[in-house]
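Close look at the chain arrangement
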Amino acid sequence: MTRVNTSKFSLIVLAVGVLVMAFAHWFNVDYLFFASYTILQFIVLATAWNILGGYCGYVNFGSAAFFAMGAYSSVFMHKFFEEALPVPLLIVIGGIVSGIVGLGMGYLTLRLRGSFFAIATLALSVVLATLVVNWDYVGGSRGAYIIRPETIEIAGVTINYIEYLFGLMLLLAMIALITARTVERSQLGFGFATIRDDEMAAEASGVPTLKLKLIATTMSGAFMGMAGAPFPYYIGYLQPQSAFGLEYAVNSIAMPMIGGTTSWIGPLVGAILLGSAQQYATVTISSAVNLLIVGLMLVAFVIIAPNGIVGLVQERLRAWRKP
Amino acid sequence: MTALLHVDNISKHFGGFVALDGVDLSVEPGERLGLIGPNGSGKSTLVNCICGTLQNESGSVRFEGQPMDGLAAHQRTHRGLSRSFQLPRPFHSMSLADNLRIPLLYTVHARKGPLRSAGDLDGRCHELLEMVGLANKSRQLPRDLTQVEMRKLELARAVAAEPKLLIADESMAGLSHSEIEDILALLVRLNERGITVILIEHIMSAVMSFSQRLAVLVSGKKIADGKPEDVVRNPEVVRAYLGQ
């Protein structure tokens, strides 16, 4: 395998990002921006989930909570300052809030493994949803309206707001992928993998498993929060049921599982595949079949390719190399 | 000269079961100690308490005169205590070379500061694999190994952490006579380089030829400690092993 270092990889990602942006700008159809935004958002969510779930082997069922924390921190800021703050700033704030929630979750669930950890994260999600439902300031169960501007002016150029959000999410997806790949190949990534393989042996080899787990929960939570921060502006109306929706928790797990959890490519492939399938189904059949599609694909992949698409390809390659 | 490892009166219970009951043990720097005892006598529990995998309920463990109580396992590894597991626990998603890279990255590097270059790391991994005769399999995964090779990998990973004290927990079970000789020779070589070794083993011929001193655990208590020839003649030890 040829080795591509991080700066080269970043340049490749940047080039692809610019191409995608240029194409979308040239095509200039609002629906394309809307649909692609969702797919990009899932790329970030799936990549974030994979840092904890794929690299460390800790299955997080509470992705929706981190996503919602990011979204609701934007709503809070919007109400508090009574004006629309720049979305990049909100993304940073959402990341910090969800990162802190992730760190807290890490501390609370340190001793839990396997299904117990998964249940604890699900419980965290329910607790946070209940808090938000009963918090009037951010709209409570009624939800909150965020009126987004029609256009935005950047460096003297007026662009469509949805294109702006699309661009930001594209940038965020690029950052998430570069981060995930860098982590994967670093000492940190090796440490994460030892936690996934055997925590006791990891400790015996000198890996500070507790510290690494906290880094993973914080990083993973922060990226999910960043994915959620622009969401109120995208959707225009945020309510707890949509922000804490099962859709986010299930998709964040299914996408890396289908793509393959051991490498950064997996969540990317899974998110593009599942995200596009869902967008297609939403337009042609009904948005209600989205979760059905995810469920069926997950079952199919667990049976056919337990290591995801990436795992399947790797196995084929290995078999092909060995005559 | 102070002892390298000093275990003072440690006890460990699992529910109502007393796994360790006031065990004392002292190991001098450079020593080769054999630790024996029937199945379920608490040998592995003692190792787990020394290495921090389990925390003892009473008593204390001192290493190089420093108290180790309350320290996590990885902190004890950083200080120079390394162990192999009775049942090999390789990192199954990593190649053999990467398995050894972990202690190099996380322990040796943490101790000495600046990271060795990538080339140095690869070289050291290769050296360690060569030492246990697995150099030609460095890119394979642990699942491709036989049980014997797995034990060698387990030992190599413990050695990779460059310990002052190495605890080998039944690293010879199931091995053939010549393989046992290989591993014994390896442990002696390590000992000659200044690494203190505690060998836990059921194979008496191996223990007798290796150990300078022998300690015997029975039902969580240390019943004998001394020269190997004397210990195996001790009536209490004979009774524990052969029954009355």
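Up top is the structure these notes are about.
All of these numbers come straight from a predicted model, not from anything done at the bench. (Residues numbered from 1 in each chain as written. Chains lettered and ligands numbered in written order. Predicted model: local features only at pLDDT ≥ 70, side-chain atom pairs only at ≥ 80, totals over all residues. Heavy atoms only, no water.)

**Quick look at the overall build of chain B**
- On a plain count of helices and strands, chain B comes out with 9 helices and 10 strands.
- Its C-alpha radius of gyration of 18 Å places chain B within 12% of the 18 Å reference for a compact globule of 244 residues.
- Reported as C-alpha extents along the three principal axes, the dimensions of chain B are approximately 55 × 40 × 40 Å.
- For chain B, with 244 residues in total, the buried portion stands at 54%.
- Put simply, chain B shows about 10,400 Å² of open surface, and 51% of that area lies on carbon and sulfur atoms.
- For chain B, the centre of its 28 positive side-chain charges and the centre of its 28 negative side-chain charges are spaced 3 Å apart. (Helix = DSSP H or I, 4+ residues; strand = E, 2+ residues; numbered from the N terminus. Rg over C-alpha atoms; globule rule 2.2 N^0.38 Å. Buried < 20%, exposed > 50% of the residue type's maximum accessible area, 1.4 Å probe, protein only. Areas by Shrake-Rupley, 256 points an atom, 1.4 Å probe, with all protein chains shown as cover. Lys, Arg positive; Asp, Glu negative; His and termini not counted. Charge placed at Lys NZ, Arg CZ, Asp CG, Glu CD.)

**Digging into the overall build of chain A**
- Across its full length, chain A carries 15 helices and 4 strands.
- On C-alpha atoms alone, chain A measures out to a radius of gyration of 19 Å, which is about the 20 Å that the 2.2 N^0.38 rule sets for 323 residues.
- Looking at chain A alone, contacts between residues at least 24 apart form 78% of all its contacts between residues at least 6 apart.
- Counting 16 positive and 14 negative side-chain charges, chain A places the averaged centre of each group 14 Å from the other. (Contact = heavy atoms within 4.5 Å.)

**A few points about the sheet that holds strand β4 (residues 58-63) of chain B**
All names here are of chain B.
- The sheet built from 4 strands is open, its strands ordered β2-β1-β4-β5 with antiparallel pairing. Across the chains shown, the open sheet's two edge strands, defined by having one partner strand only, are β2 (17-27) and β5 (66-67).
- Inspection of the sheet shows strand β1 (residues 5-14) paired to β2 by 7 bridges, in the antiparallel sense. In the sheet register, L5 faces β2, and the bridge partner there is V27.
- Strand contacts of helix α1 (residues 43-51): β1, β2 and β4, with the helix running at about 115° to β1, the strand carrying the most contacts. (Pairing = 2+ DSSP bridges. Axes fitted to C-alpha atoms, helices over the stretch in contact; angles between N-to-C directions.)

**A look at the environment of V132(A)**
Residue and element names in this part refer to chain A.
- Looking at the secondary structure, you find V132 in helix α5 (residues 114-133).
- Residue V132 is classed as buried on the basis of its relative accessible area, which comes to 4%.
- V132 sits 11 residues away from G143 along the chain, and the two C-alpha atoms are 9.6 Å apart.
- If we ignore the near neighbours within four places in the chain, the residues touching V132 are M69, Y72, V138, G140, P240 and F244.

**Looking at the pairing of strand β7 (residues 165-169) of chain B**
All names here are of chain B.
- Taking burial as the measure, the 5 residues of β7 include 5 buried ones, the bulk of the element.
- Burial along β7 is two-sided: L165, I167 and D169 and L166 and A168, pointing in opposite directions, are all buried.
- In the sheet, strand β6 (residues 81-84) pairs with β7 via 4 bridges, with the strands oriented parallel. Residue pairing in the sheet places S84 in a bridge with A168 of β7.
- When β7 meets strand β8 (residues 196-200), the two strands line up parallel, connected through 5 bridges. Looking across to β8, one finds that L165 is bridged to T196.

**Digging into a nonpolar patch on the surface**
Residues and elements named next belong to chain A.
- The grouping of F23, W26, F27, V29, Y31 and V283 at the surface amounts to a nonpolar patch, some 670 Å² of accessible area in total.
- Sorting elements by how many residues they give to the nonpolar patch places helix α1 (residues 6-27) first, with 3 residues.
- Structurally, F27 is set in helix α1. (Patch = residues over 30% accessible without salt bridge, like charges linked within 9 Å, V, L, I, M, F, W, Y side chains within 5 Å. Salt bridge = Lys/Arg side-chain N within 4 Å of Asp/Glu carboxyl O.)

**Things to note about the interface of chain B and chain A**
- Each side of the interface is counted separately: chain B has 24 residues, and chain A has 20 residues.
- Summed over both sides, the interface between chain B and chain A buries roughly 1,900 Å², with carbon and sulfur atoms accounting for 61% of that surface.
- Looking at the side of chain B facing chain A, the largest losses of area belong to H74(B), F91(B) and Y106(B), adding up to 33% of the total buried there.
- In this structure, the connection of chain B to chain A is made through 1 salt bridge.
- At the surface where chain B touches chain A, the tally comes to 12 residue pairs in polar contact (both at pLDDT 80 or more).
- With 8 residues, the single largest contributor to the side of chain B that touches chain A is helix α3 (residues 96-112) of chain B.
- Within the side of chain B that touches chain A, the residues separate by chemical class into 10 nonpolar, 8 polar and 6 charged. (Buried area = accessible area lost by both parts, 1.4 Å probe. Polar contact = N/O pair within 3.5 Å; in protein donor to acceptor, adjacent residues only side chain to side chain. Nonpolar A, V, L, I, M, F, W, Y, C, P; charged D, E, K, R; others polar.)

**Focus: the sheet that holds β8(B)**
Residue and element names in this part refer to chain B.
- The strand order across the open sheet built from 6 strands is β6-β7-β8-β3-β9-β10, with neighbouring strands paired in mixed fashion. The two strands at the open ends of the sheet, each matched to only one other strand, are β6 and β10 (221-226). Direction aside, neighbouring strands of the sheet carry axes that sit 15° apart on average.
- Helix α5 (residues 147-160) contacts β6 and β7 of the sheet and is inclined by roughly 175° relative to β6.
- Where helix α6 (residues 177-192) meets the sheet, it contacts β3 (32-36), β7 and β8, and its direction lies at approximately 155° from that of β8.

**Remarks on α1(B)**
All names here are of chain B.
- Burial runs high along α1: 8 of the 9 residues are buried.
- Those residues of α1 that fall on the buried side of the exposure criterion are K43, T45, L46, V47, N48, C49, I50 and C51.
- Positive phi appears at G52, one or two residues downstream of α1, with a value of about 90°.

**Comments concerning the nonpolar core**
- Within the largest apolar cluster, 135 residues are counted, with the highest numbers of intra-cluster contacts made by V44(A), Y72(A), F192(A), F244(A), M172(B), L187(B) and L190(B).
- Counting residues per element, this core draws most heavily on helix α6 (residues 161-184) of chain A, at 15 residues.
- When neighbours within four sequence positions are excluded, M172(B) is seen to be in contact with I180(B), I183(B), L184(B), L187(B), L199(B), E201(B), I203(B) and A206(B).
- L5(B), L46(B), L81(B) and I200(B) belong to the second-largest nonpolar core, a separate cluster that totals 26 residues. (Core = buried A, V, L, I, M, F, W, Y, C linked by side-chain atoms within 4.5 Å.)

**Some points on the packing of aromatic side chains**
- One pass over the structure, following the stated rule, counts 20 aromatic pairs over all chains.
- An aromatic cluster is present here, built from F34(A), Y37(A), F42(A), F67(A), F231(A), Y234(A) and Y248(A) joined pairwise through their rings.
- Here the basic side chain of R83(B) rests over the ring of F85(B), its NZ or CZ set 4.0 Å away from the ring centre. (Phe/Tyr/Trp six-rings, centres within 6.5 Å; stacked < 30°, edge-to-face > 60°. Lys NZ or Arg CZ within 6 Å of the ring centre and 35° of its normal.)

**Let's talk about the pattern of salt bridges**
- With the rule as written, the count across this model stands at 17 salt bridges over all chains.
- Salt bridges sharing partners connect three or more residues here, namely E31(B), R213(B), K222(B) and D225(B).

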